[in-house]
Amino acid sequence: MNKKTDIIVVGGGPCGSYAAYTAAKHGAEVTVCEEHEDVGGPRHCAGHLNISSLKRLGIRVPQDVIENIIKGAVFISPSGKQFVLRCSNPVTYVVNRELFDKHLAELAMQSGADYRFKSRVKSLVLDTGSVKGVALQGEEKLKANIVIDAEGCSSKLLKQTGLKGLKSGMVARGIQTEVDGFEDIEEDMVEVYFGRNVAPGFFAWIIPRKDGTAKVGLATRTGNPQDYLRRFMEKHPVASKKLKKSSPTYTSIHPIPMEGPLPRTVSSGFLAVGDAASQVKPTTGGGVIFGLTCAQIAGEVAWEAVNVQDFSETFLSSYQRRWKRVAGFELNTMLRMRKMLDSLSDRRLDNIIGLCSKLNVDNVLEKAGDLDFQGRSLISVAKYPGTAAVISYFIFSWLTSTTRQ
Ligand SMILES: Cc1cc2nc3c(=O)[nH]c(=O)nc-3n(C[C@H](O)[C@H](O)[C@H](O)COP(=O)(O)OP(=O)(O)OC[C@H]3O[C@@H](n4cnc5c(N)ncnc54)[C@H](O)[C@@H]3O)c2cc1C
């Protein structure tokens, strides 16, 4: 084994780099092991990120990373009804995920983190139940006081510590293609399509970029995502018209954890963050903001552990308590919302989207504040009559459809 470092981070995705940055800027010695020869690839994500959440995290996104600035969304029901939610101010950025990940890695490197590329972690090194480092593909082993698992949607390392991993039935398969053009889509609006034939258990999206290209994708928990995407682009009564002259330039498939956060993310000498801990919004599959929020906490707790030289599960459990305080209610509320959405028939989704557009709910939703914190947003807007009506209808639909099952 080589010289011991304070912290090894497995994975140079956004969550790994942000945890590394946070711990390194406090003074911890951090090594990031990334299996690829660089960070950011292969890209798979829409990069649709809430601006106020990025500000809350203290992340200034460089201009060249921003592909578009979005003011709202058009929701298209299974039968083609539309609800337009437009805000007066920009709400989200569409970022180039490759450049975004590189930016976070640069922040970590500038703070002193050491990146080891082409370094695939094969397993954890355990000693009497405590994590003491990692074994890389090949013969090499690296010693550390703490390993932060940021390997993405996988439970390989986590399960080695005895923690409960992701349930395979609760992982959706996301597919996204980048296309060279589109028609009849407002440049500052994303389009979201619902329907059991469109994307069962999820939704499809078209996200325009400023340069005239777009990201088109969906996720599904059943069937073949490629077949669904082809059907969406070629046959969907609304989307196919907008995409009829578009050719795909780059396509990727990647898993999305949908089960809400894992119950335990800590063991002796070990913390799990981001997709590896399923810190992903079950409503939208968005994992960057909550993952970064938890990664920041993981970096802080890892640094505090280094400071007092206590790497026990008891000490590191403060990571679990702190991320639950910040994100636990939200993620669990979104899990309930996801279950409600799953139980709605296409006809009820049609009715809800129709009702939203009739009741002018867009004016109210703009007041909802942080769209990442959907649980709190729901509470804050529920006092407005239009939204209250939609939420009541939504709950009523859900109750009646579940009691009938
Ligand atoms: C189609 C699609 C669209 C999405 N769109 C959005 C969106 O618009 N907004 C949003 O917020 N989220 C979105 N997501 C989710 C988002 O991409 C993830 O939540 C986010 O990337 C999680 O970050 P992470 O750092 O935890 O993991 P990853 O980004 O998966 O990074 C993991 C890193 O670890 C490396 N790695 C893995 N195993 C090892 C190993 N054994 N050794 C060394 N290195 C390893 C990988 O190479 C990778 O660099 C989308 C996901 C998909 C599939």
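Everything below is about the structure printed above this text.
Residues numbered from 1 in each chain as written. Predicted model: local features only at pLDDT ≥ 70, side-chain atom pairs only at ≥ 80, totals over all residues. Heavy atoms only, no water.

Colleague: How should I be thinking about the site of the ligand in this particular structure?
Modeller: Near the ligand, the surroundings consist of 31 residues, among which Glu34, His36, His48, Val121 and Asp275 are the closest. Within the backbone of Ala46, a nitrogen or oxygen atom sits 3.1 Å from a nitrogen atom of the ligand. Burial of the ligand by the surrounding chains reaches 92%, relative to a free accessible area of 1000 Å². Secondary structure elements with two or more residues in the shell around the ligand: α1 (14–26), β3 (48–50) and β16 (248–257). Taken together, the residues of the shell around the ligand sort by class into 12 nonpolar, 13 polar and 6 charged. (Near = heavy atom within 4 Å. Polar contact = N/O pair within 3.5 Å; in protein donor to acceptor, adjacent residues only side chain to side chain. Areas by Shrake-Rupley, 256 points an atom, 1.4 Å probe, with all protein chains shown as cover. Helix = DSSP H or I, 4+ residues; strand = E, 2+ residues; numbered from the N terminus. Nonpolar A, V, L, I, M, F, W, Y, C, P; charged D, E, K, R; others polar.)

Colleague: Sorry, what's going on with the sheet that holds β3 here?
Modeller: Sheet strands associate in pairs through backbone hydrogen bonding, adopting either a parallel or an antiparallel arrangement. Across the sheet, which stays open at both edges, the 3 strands sit in the order β3-β7-β4 with antiparallel pairing between neighbours. The outermost strands of the open sheet, each flanked by one partner alone, are β3 and β4 (66–70). Each strand axis lies, on average, 30 degrees off the axis of its neighbour in the sheet, ignoring direction. (Pairing = 2+ DSSP bridges. Axes fitted to C-alpha atoms, helices over the stretch in contact; angles between N-to-C directions.)

Colleague: I keep staring at the side chain of Lys215 and nothing clicks. Help me out?
Modeller: The residue Lys215 is located in strand β15 (residues 214–220) in this model. Within the structure, Lys215 has its side chain in polar contact with the backbone oxygen of Val95 (distance 3.1 Å).

Colleague: Help me understand the side chain of Thr333 in this model?
Modeller: Counting through the fold element by element, Thr333 comes out in helix α8 (residues 313–343). Judged by relative accessible area, Thr333 falls into the buried class, the value being 11%. A distance of 2.6 Å separates a polar atom in the side chain of Thr333 from the backbone oxygen of Phe329. (Buried < 20%, exposed > 50% of the residue type's maximum accessible area, 1.4 Å probe, protein only.)

Colleague: Before we go on, may I ask you to explain the pairing of β4 in this structure?
Modeller: The side chains of a regular strand alternate, residue by residue, between the two faces of the sheet. Of all 5 residues in β4, 4 are buried, a share of seventy percent or more. Judged from the 4 bridges that link them, β4 and strand β7 (residues 92–95) form a sheet pairing that is antiparallel. Counterpart to Ile70 in the pairing with β7 is Thr92.

Colleague: Explain the packing of aromatic side chains here, please?
Modeller: Two aromatic rings are characterised by how far apart their centres lie and by the angle between their planes. In the structure shown here, the tally under the stated rule is 8 aromatic pairs. Relative to Phe232, the ring of Tyr193 lies with its centre 5.0 Å away and its plane at 75 degrees, an arrangement referred to as edge-to-face. Taken together, the positions of Tyr193 in strand β13 (residues 189–193) and Phe232 in helix α5 (residues 225–235) put the pair 39 residues apart, joining distant regions of the chain. Comparing Tyr193 with Phe232 shows no difference in burial state: the two are buried. Here the aromatic cluster, defined as three or more aromatic residues joined through ring pairs, consists of Phe75, Phe83, Phe194, Phe202, Phe203 and Trp205. The positively charged end of Arg43 is found above the aromatic ring belonging to Tyr250, 3.9 Å away from the centroid. A cation over an aromatic ring shows up here: Arg231 above the ring of Tyr228, its NZ or CZ 4.8 Å from the ring centre. (Phe/Tyr/Trp six-rings, centres within 6.5 Å; stacked < 30°, edge-to-face > 60°. Lys NZ or Arg CZ within 6 Å of the ring centre and 35° of its normal.)

Colleague: Please explain the sheet that holds strand β12 (residues 171–179) as it appears in this structure.
Modeller: A sheet is described by the order of its strands in space; here 7 strands give the open sequence β6-β5-β13-β14-β15-β12-β16, paired in mixed fashion. Two strands close off the open sheet at either side, each with one partner strand: β6 (82–86) and β16. Across the sheet, the mean angle from the axis of one strand to that of its neighbour is 15 degrees, orientation sign disregarded. With 5 bridges joining them, strand β14 (residues 204–208) and β15 adopt antiparallel strand pairing. In the sheet register, Trp205 faces β15, and the bridge partner there is Gly217. Against the sheet, α5 contacts β12, β13, β14, β15 and β16, and its axis sits at roughly 130 degrees relative to β15. On top of the sheet, helix α9 (residues 346–358) reaches β5 (72–76) and β6; it is set at about 50 degrees to β6, its chief contact. (Contact = heavy atoms within 4.5 Å.)

Colleague: What is the right way to read the pattern of salt bridges from this model?
Modeller: Two side chains carrying opposite charge are able to pair once their charged atoms lie near each other. Tallied over the entire structure, the rule returns 21 salt bridges. With a closest N to O distance of 2.8 Å, Glu140 and Arg116 form a salt bridge. Separated by 24 residues along the polypeptide, Glu140 in the loop between β10 (130–136) and β11 (141–149) and Arg116 in strand β8 (residues 114–116) bring together distant segments of the chain. With relative accessibility at 29%, the residue Glu140 sits in the partly exposed group. Of the charged contacts in the structure, one is a salt bridge between Arg322 and Glu304, with a shortest N-O distance of 3.1 Å. Of this pair, Arg322 sits in helix α8 while Glu304 is found in helix α7 (residues 288–308), placing the two residues 18 residues apart along the sequence. Here Glu304 falls in the partly exposed class, since its relative accessible area comes to 28%. When salt bridges with common partners are traced through the structure, they connect Asp38, Arg43, Glu67, Glu98, Lys102, Glu178, Arg209 and Lys215 into a single cluster. (Salt bridge = Lys/Arg side-chain N within 4 Å of Asp/Glu carboxyl O.)

Colleague: Help me understand the environment of Asn50, please; the structure alone is not making it clear to me.
Modeller: Relative to the helices and strands, Asn50 resides in strand β3. Classification of Asn50 by relative accessible area gives buried; the value is 5%. Expressed as a C-alpha distance, the spacing of Asn50 and Ile70, which sit 20 residues apart in the sequence, is 9.4 Å.

Colleague: Help me out: how do you make sense of the nonpolar core in this one?
Modeller: As a rule of thumb, soluble globular proteins bury nonpolar side chains together. Grouped together as the largest cluster of nonpolar side chains are 51 residues, with contacts concentrated most on Ile7, Val30, Ile59, Val61, Phe100, Ile148 and Tyr319. Among the elements that line this core, the one with the most residues is α7, at 12 residues. Not counting the four nearest positions on each side in its chain, Phe100 is found in contact with Pro14, Leu49, Leu54, Ile59, Val61, Val65, Val95, Val288 and Leu292. In terms of nonpolar packing, the next biggest core, distinct from the first, is built from 23 residues, Ala46, Ala73, Phe194 and Ala219 among them. (Core = buried A, V, L, I, M, F, W, Y, C linked by side-chain atoms within 4.5 Å.)

Colleague: What is the right way to read a positive patch on the surface from this model?
Modeller: A cluster of basic residues, Lys164, Lys167, Arg336 and Lys339, forms a positive patch on the protein surface. Note on placement: Lys164 falls in the loop between α4 (156–160) and β12. A relative accessible area of 52% means that Lys164 is categorised as exposed. (Patch = residues over 30% accessible without salt bridge, like charges linked within 9 Å, V, L, I, M, F, W, Y side chains within 5 Å. Lys, Arg positive; Asp, Glu negative; His and termini not counted. Charge placed at Lys NZ, Arg CZ, Asp CG, Glu CD.)

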